[in-house]
There are 2 protein chains.
Amino acid sequence: MIFGSPQPYALTLDKFLGHAAKWHGAKEIVTGSAPARITYADLRERSNRLSGALAALGLRQGDHLATLAWNTQAHMECWYAAMGVGIVCHTLNPRLTADHLAKMIGRARNRVLAVSSGLAPLVEDLVGQCPTIEHVVLMDDGPASDAIPVVTGARLWHLADLLEGHGAPSIWGRFDENAPAGLCFTSGTTGDPKGVTYTHRSNYLHTTHLLQADVMGLRSEDVVLVAVPMFHANGWGFPFAAPAVGAKLVLPGRDQDGASLARLIAAEEVSVAAGVATVWLGLVDHLDSAGGELPSLRRLLLGGSAVPQALMDRLEQRLGVIVQTSWGMTELSPLGAMMPPTATARISAKSGRPPMGVDLLLTDETGLPLPDQRGPEGRLRVKGGSVVERYFGDDEKATDADGWFDTGDLATIDAEGHLSITGRAKDLIKSGGEWINPAEIEAIVGSLPEVALVAVVGRVHEKWGERPILIVEPRAGIEVSDETLLGALRGRIANWWLPDAIVRLTAMPLALTGKIDKMRLRADHG
Amino acid sequence: MIFGSPQPYALTLDKFLGHAAKWHGAKEIVTGSAPARITYADLRERSNRLSGALAALGLRQGDHLATLAWNTQAHMECWYAAMGVGIVCHTLNPRLTADHLAKMIGRARNRVLAVSSGLAPLVEDLVGQCPTIEHVVLMDDGPASDAIPVVTGARLWHLADLLEGHGAPSIWGRFDENAPAGLCFTSGTTGDPKGVTYTHRSNYLHTTHLLQADVMGLRSEDVVLVAVPMFHANGWGFPFAAPAVGAKLVLPGRDQDGASLARLIAAEEVSVAAGVATVWLGLVDHLDSAGGELPSLRRLLLGGSAVPQALMDRLEQRLGVIVQTSWGMTELSPLGAMMPPTATARISAKSGRPPMGVDLLLTDETGLPLPDQRGPEGRLRVKGGSVVERYFGDDEKATDADGWFDTGDLATIDAEGHLSITGRAKDLIKSGGEWINPAEIEAIVGSLPEVALVAVVGRVHEKWGERPILIVEPRAGIEVSDETLLGALRGRIANWWLPDAIVRLTAMPLALTGKIDKMRLRADHG
């Protein structure tokens, strides 16, 4: 018997830009710091010709294009030019040191590196350490006065010249959907960086998760500001999700300070913005000091790390927006859970439910599922088509025998299915043989209006092994007494959980992802 | 070099109910006509045990379970029980004759038939004509007084007994995502019925289209009434989309009259309802005569055929809802295009844009793409992972050399990318060697407030070959003069397009899909 069949349709990422170019061709991608705008139709055409130029540099399907770049139009062009023909985008973080970057480039054996302008010293230092690099492509996506890097042992191209001289229309999408599309090393603040490989299929499926109405729910009429670097888990997937629905895309370039973002949001009438809490703290601090309103803004999508309740409340009130909390990891592409925009309880510690396509499981230390998945704290494991199975270069799977990836996070799930990350398993403080969970203390102190950022770390103690130290960054110009801090904790945690010391910092050290750098805090105050 | 990889994740339909059971386990599926409610968690458990019972009847992966049933909980259970283990659901329309149904069952060689109660005469007649049928499963999903069919040559089971006696937990989803999941014969009003085969992957991808915010954009807080029969292209995909997001699902059973729907919408606080225009005409007619408001209702999703402008306006005003027009076909799973809920122009003839994952192309008669895709009318072709490539039992592909499926529809696409179906290529009337498009005349007359339904068909004419005849169903109790009808047309169409005759009917003949039955109209009045 001959069964009928649907048409073949490979889940490749070039289709998102193809759809945008055809059905939302006049919609724009706007780059903030190097004022530039281009339509999806034109971006598609330029990217497609750039594919031909990458071929001229010797890149073939399965090869990498390394990018060291901010969120700009040129970076988008490089992505789609590469991915359209099956070249893998290896996104690198310009805030890392040349030593770190050279290791990543060496591990991936990259031959072509595309860089944003304004990074001349880093690029010169880096290329000197990378014998595999043959070509450096300068994106010219910053101010014209930026210094041109001098690279030895590699040929330097300006993107515009490369496109002019070697651009050629190319056929996109003629490869298997399971081909790799991206490579992103984890930030390494909790250990050695690990490479996470995304495939076309895994990123396509991840995009279908983002598009669900209870998740990011983007519409063609939205204007989306992506204040998440494209080198952090693909900018949370927005460079795919925005063209998929034909939403106007606003990229801040390298300037993510409050004043720059406020200007950009106002000028482009941004309706949805995504970024870590510290970015939005900068925005409201700027608005509070300089004044101004951002009436177009309707939703803030928060991720990266837990946001203090007081900051979430302040963001919603000052900006008149709905804050959607979320939880994710580079290993999850990155989305693991998100709070729907319509959730009635506005609790910053809750990260919502997993989208259709992602599943969560709480286990004990050994990996056995907790008998009750609603209420008790357990180790969080994840399953799904956008979740890592095997790190780049690893023989061994990163998943357990049942296919679950162990996040290393501790979490609870409430009766409604909403996830709360309650701590990192490795952040726990062991005092007198018993565990203290820093995240619980941080949640309480973080809810104080006087506190901007808070962290609790363990300090070695002769008698107890470890004791908790409370580190706070008060809000600018505000003083907060020890009694206020400890008073908030008394009665809400066990007495022996009360911190032994309180440290006040004017600026909390942040890791390169914008998360609080606990490794640094432990080194300085532990 | 070892590339990393994401986890394997097969796109199988059981995952939708699995997700609902785990993350929205307390949400309900409510059946209207046989008042019953069950949670997703319990439906998943019952369906999973029913899989074991289907195995006991001898059904294996790749076999069919034929269903002849209304939209009920039991029908959902049969679907997931079958699809969970790779058995193909062949959905049959109880409004067809036994002769027609027997042919479909014969072509698919079905051995097991599951039927809704209340269909005893049809089932008895049908089974008598189907020597392949070995088991008939009675769903008992209607009033207890319904007659039990007497089937000869096959064994009759009550679903409850089958589950009780043979139910056994089963492992779901252990097969390739390209395995067939469903079979649906087209309505055959425009030719011989053709079987369309859906695979797990094609229906999974189709569900991701529905979930996009500019398409159906369902949320977990929604209450979704599916007044589209599950035997019409899988009830437009709602039995997959609703559990995927954890929306409460309301199934009307066999009662789709205005009074029944009004009761159900009010009682279950339905927020989103889907169905063809004639169903909603029945609803507003009922409300106008009996009174009442339906404050929970926010959106009506319309499909099946074009809705007259006057009816769309009346629905929006009387119900206080947003009407989302759409266009689809059985061959498209069925969604081809949908108007976003936020569209500002409320034009019933426009069906919106294709979702990400579906692409449209206008061609000339020979299949060559029109040079200008925005404005001119062309033949509509479709591409995508949820679009037919090959009909059931056909050796030949239904797609052209470039992979496009020819819909047989004429269409235009406006500057915003919004699709308007302007006619069926085969509905065109040839008068004096020139084409008249009935759809244009229907759109104008359909916008008159006095007119409920309208159709234009060709009548054989000695001199001109064919001439157009206007057939109208005025709104109940309202008279409409020839002069009103013709006056609306004069100046808006060519004079030689003006209909030669006007026929008034108190009830337009409807095909089994709810569309106007033009074959019948041509036979009676052509």
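Residues numbered from 1 in each chain as written. Chains lettered and ligands numbered in written order. Predicted model: local features only at pLDDT ≥ 70, side-chain atom pairs only at ≥ 80, totals over all residues. Heavy atoms only, no water.

Q: I keep staring at the packing of aromatic side chains and nothing clicks. Help me out?
A: Where two aromatic rings form a pair, the distance of their centres and the angle of their planes describe that pair. In the structure shown here, the tally under the stated rule is 16 aromatic pairs over all chains. Summarising the aromatic geometry, the rings of Tyr80(A) and Phe240(A) are spaced 6.3 Å apart at their centres and angled 80° between planes, so their arrangement reads as edge-to-face. Of this pair, Tyr80(A) sits in helix 3 (residues 73-84) while Phe240(A) sits in helix 8 (residues 238-245), and the two are 160 residues apart along the sequence. Here the two residues Tyr80(A) and Phe240(A) agree in accessibility, since each one is buried. Counting every residue linked through ring pairs, the aromatic cluster contains Tyr9(A), Phe16(A), Trp79(A), Tyr80(A), Tyr204(A) and Phe240(A). The ring of Trp23(B) has Arg374(A) sitting right over it, with the charged end atom 4.8 Å from the ring centre. (Phe/Tyr/Trp six-rings, centres within 6.5 Å; stacked < 30°, edge-to-face > 60°. Helix = DSSP H or I, 4+ residues; strand = E, 2+ residues; numbered from the N terminus. Buried < 20%, exposed > 50% of the residue type's maximum accessible area, 1.4 Å probe, protein only. Lys NZ or Arg CZ within 6 Å of the ring centre and 35° of its normal.)

Q: How should the relation of the copies chain B and chain A be read in this particular structure?
A: Applying a rotation about an axis and a shift along it to one chain copy brings it onto the other copy. For the pair chain B and chain A, the relating rotation is 180°, the translation along its axis is 0.0 Å, and the fit reaches an RMSD of 0.1 Å. Taken together, the rotation and translation relating the two chain copies correspond to the operation of a two-fold axis. Interface residue correspondence from chain B to chain A reaches 100%, placing this contact among same-surface, isologous pairings. (Least-squares fit on C-alpha atoms with pLDDT ≥ 70 in both. Contact = heavy atoms within 4.5 Å.)

Q: Got a minute to help me understand the interface of chain B and chain A in this structure?
A: Interfaces are often sized by the amount of accessible area the parts lose when they come together. At the junction of the two partners, chain B supplies 73 residues and chain A supplies 73 residues. Buried area between chain B and chain A, both sides added, is near 5600 Å², and the carbon and sulfur share of it is 56%. Interface area lost by chain B to chain A is led by Gln7(B), Trp23(B) and Met356(B), which between them contribute 16%. For the interface between chain B and chain A, the tally reads six salt bridges. Put simply, Lys22(B) and Asp359(A) hold a salt bridge, and the shortest N to O gap is 3.2 Å. Linking chain B with chain A are 36 residue pairs in polar contact (both at pLDDT 80 or more), by the criterion used here. Classifying every residue of the side of chain B that touches chain A gives 34 nonpolar, 22 polar and 17 charged. (Buried area = accessible area lost by both parts, 1.4 Å probe. Salt bridge = Lys/Arg side-chain N within 4 Å of Asp/Glu carboxyl O. Polar contact = N/O pair within 3.5 Å; in protein donor to acceptor, adjacent residues only side chain to side chain. Nonpolar A, V, L, I, M, F, W, Y, C, P; charged D, E, K, R; others polar.)

Q: I tried to follow the sheet that holds strand 12 (residues 248-251) of chain B on my own but got confused; where do I start?
A: Two orientations exist for strands paired in a sheet by backbone hydrogen bonds: parallel and antiparallel. Residues and elements named next belong to chain B. Across the sheet, which stays open at both edges, the seven strands sit in the order 3-2-12-11-13-14-15 with mixed pairing between neighbours. Edge positions in the open sheet fall to strand 3 (36-39) and strand 15 (322-324), since each of these has one partner strand only. Averaged over all pairs of adjacent strands, the angle between strand axes in this sheet comes to 20°, irrespective of strand direction. Direction of pairing for strand 11 (residues 223-226) relative to strand 12: parallel, over a ladder of three bridges. Across the sheet, the residue bridging to valine 224 is leucine 249, located in strand 12. Across the sheet, helix 10 (residues 277-290) is in contact with strand 11, strand 13 (272-276) and strand 14 (299-303); its angle to strand 13 comes to roughly 115°. (Pairing = 2+ DSSP bridges. Axes fitted to C-alpha atoms, helices over the stretch in contact; angles between N-to-C directions.)

Q: I keep staring at the sheet that holds strand 22 (residues 419-424) of chain A and nothing clicks. Help me out?
A: An order of 18-19-21-22 (chain A) is seen for the four strands of this open sheet, with the pairing classed as antiparallel. Single-partner strands in this sheet number two, and they are strand 18 (358-363) and strand 22 of chain A. Strand-to-strand twist across the sheet, computed as the mean angle between neighbouring axes with direction ignored, equals 50°. Alignment of strand 18 of chain A against strand 19 (residues 378-384) of chain A, held across six bridges, turns out to be antiparallel. Paired with Thr363(A) across the strands is Arg379(A), a residue of strand 19 of chain A. Sheet strands touched by helix 1 (residues 14-23) of chain B: strand 18 and strand 21 (405-413) of chain A. Its angle to strand 18 of chain A, the strand with the most contacts, is close to 45°.

Q: Hey, could you run me through the environment of Gly246(A) in this one?
A: All names here are of chain A. Within the element layout of this structure, glycine 246 appears in the loop between helix 8 and strand 12 (248-251). Overall, the relative accessible area of 0% leaves glycine 246 in the buried class. Along the sequence, glycine 246 and lysine 463 sit 217 residues apart, while their C-alpha atoms lie 61 Å from each other. Once residues lying within four places of it in the same chain are set aside, the contact partners of glycine 246 are His24, Lys27, Tyr40 and Ser220.

Q: Any chance you could explain the pairing of strand 9 (residues 180-185) of chain A here in plain terms?
A: Regular strands place side chains that alternate from one sheet face to the opposite one. Residue and element names in this part refer to chain A. Burial analysis of strand 9 places six of its six residues in the buried class, the great majority of the element. Where strand 9 lies against strand 10 (residues 195-199), five bridges are found, and the strand directions are antiparallel. Note that in strand 10 the partner of cysteine 184 across the bridge is valine 196.

Q: Help me understand helix 12 (residues 438-446) of chain A, please; the structure alone is not making it clear to me.
A: In an α-helix, one turn spans 3.6 residues; hence positions three or four apart end up facing the same way. Along helix 12 of chain A, the residues classified as buried are Pro438(A), Ile441(A), Glu442(A), Ile444(A), Val445(A) and Gly446(A). Two or three places before Ala439(A), at the opening of helix 12 of chain A, Asn437(A) has a side-chain oxygen 3.0 Å from that residue's backbone nitrogen.

Q: Before we go on, may I ask you to explain the pattern of salt bridges in this structure?
A: For side chains of opposite charge, pairing can occur when their charged atoms come near one another. Taken as a whole and assessed by the stated rule, the structure comprises 62 salt bridges over all chains. With a closest N to O distance of 3.4 Å, Arg219(B) and Asp214(A) form a salt bridge. Here Asp214(A) lies in the loop between helix 7 (200-210) and strand 11 (223-226) and Arg219(B) lies in the loop between helix 7 (200-210) and strand 11, a pairing that spans two chains. The same class applies to Arg219(B) and to Asp214(A), which are both buried. Two residues, Glu45(B) and Arg49(B), come together in a salt bridge whose shortest N-O distance is 2.9 Å. Of this pair, Glu45(B) and Arg49(B) both sit in helix 2 (residues 40-56), four residues apart, which is roughly one turn of that helix. You can call Glu45(B) partly exposed: its relative accessible area is 39%. Taking the relative accessible area as the measure of exposure, Arg49(B) reaches 25% and is therefore partly exposed. Within this structure, Asp285(A), Asp288(A), Glu293(A), Arg314(A) and Arg318(A) form a network of salt bridges that share partners.

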